Amino acid sequence: MTGWLAYGNQIDSTDGDMKLEADCARCAALCCVAPAFAKSSDFAIDKPAGKPCRNLRDDFRCGIHERLDQRGFHGCVVFDCFGAGQHVTQGTFGGRDWRSEPGIAGPMFAALDVMRALHELLWYLTEALELDAAVRVHQQLRALKEETERLSEGTPAEIQGIDLESHRRRVNRVLLRASELARAGIPNPPDHRGANLIGRRLRGRDLRGANLRGALLIGADLREADLRRADFTGADVRGADLRGADLRDALFLTPSQLRSARVSDNP
Ligand code: SF4
């Protein structure tokens, strides 16, 4: 195991050759070096961008992997690169690494940011293509997926030149439509898009088909809530209590969101 991505995903999101889950053994621990950390409940230390975390060993493995939570690095547990780390290391940079070649560190770390965003979009597009109710937009989803895959195969310079915001907007429009189609038929689904529901008591609520896109559900009590077909795109569920909640067919609920919430009695 290497860095925080070593936790891997609980949901298999592989699709063809494009791996959408972290494979830390094939990554040069980019996520343990590239981003800056601000000391907080998620990170025990401040760390500037581009500087290796003090817990990173010479072999690109995390020295406290088994004790991340206890040592105050919960952010490492829940982070997800969607497989971007190994793509940048093995694909874009052909197996080279920032430690043996410090000259490529900057471009490598910059590529990680863009690649993570592309892989995240690929994860959502793959999920949307699983939705039978969204068949009407499957062709658009497939075309956007192919386009996103092509973008991710570029050279470091090409990856840097991607207009990510514009691409993300186009993808999001179709994902939104897919979500609407998947949630159609549920009478009066609650609309909590972008809502501040921090710490809210929602135990046992009927939230079927709820729009929870971008909602702040930090520490919310969602025990035994009915969340079937609720759309979790970008929702912040850190510390939310989802024990006993019905998450069958929940939409766009990522493995890292699940890791950040409480889903079982086990700590
Ligand atoms: S504690 Fe440091 S080395 Fe370990 S996973 Fe987190 S960032 Fe990487």
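Residues numbered from 1 in each chain as written. Predicted model: local features only at pLDDT ≥ 70, side-chain atom pairs only at ≥ 80, totals over all residues. Heavy atoms only, no water.

(A) Layout of the packing of helix α3 (residues 105-129) against helix α4 (residues 138-152). Two numbers describe how α3 lies on α4: the axes approach to 10 Å, and their chain directions differ by 155°. In terms of orientation, α3 lies roughly antiparallel with respect to α4. When the axes of α3 and α4 are compared, the crossing they make is left-handed. Along its contact with α3, which presents Met115, Leu118, Leu121, Leu122, Leu125, Thr126, Ala128 and Leu129, the element α4 presents His138, Leu141, Arg142, Leu144, Lys145, Thr148, Glu149, Leu151 and Ser152. Considered class by class, the residues forming the contact of α3 with α4 number 10 nonpolar, 4 polar and 3 charged. (Axes fitted to C-alpha atoms, helices over the stretch in contact; angles between N-to-C directions. Helix = DSSP H or I, 4+ residues; strand = E, 2+ residues; numbered from the N terminus. Parallel < 35°, antiparallel > 145°, perpendicular 65-115°, else oblique. Left-handed = near helix turned anticlockwise from the far one by under 90°. Contact = heavy atoms within 4.5 Å. Nonpolar A, V, L, I, M, F, W, Y, C, P; charged D, E, K, R; others polar.)

(B) Structural detail: α4. With 15 residues, α4 should reach 21 Å at 1.5 Å per residue; the first-to-last C-alpha distance of 21 Å fits that figure. Every buried residue belonging to α4 is among His138, Leu141, Leu144, Lys145, Thr148 and Ser152, and all of these are buried. The buried residues of α4 occupy one face: seen down the axis, they fall within an arc of 125°. Facing away from the buried side of α4 by more than 90 degrees, the exposed set consists of Gln139 and Arg150. Buried residues in α4 make contact with α2 (84-92), α3, α5 (156-160) and α6 (164-183). (Expected span 1.5 Å × (residues − 1). Buried < 20%, exposed > 50% of the residue type's maximum accessible area, 1.4 Å probe, protein only. Arc of directions from axis to C-beta.)

(C) Layout of the packing of aromatic side chains. According to the stated counting rule, one finds 6 aromatic pairs in the structure shown. Ring geometry for Phe60 and Trp98: centres 5.6 Å apart, planes at 65°, overall edge-to-face. Separated by 38 residues along the polypeptide, Phe60 in the segment before α1 (74-78) and Trp98 in the loop between α2 and α3 bring together distant segments of the chain. Summarising the burial analysis for this pair, Phe60 and Trp98 share the class buried. (Phe/Tyr/Trp six-rings, centres within 6.5 Å; stacked < 30°, edge-to-face > 60°.)

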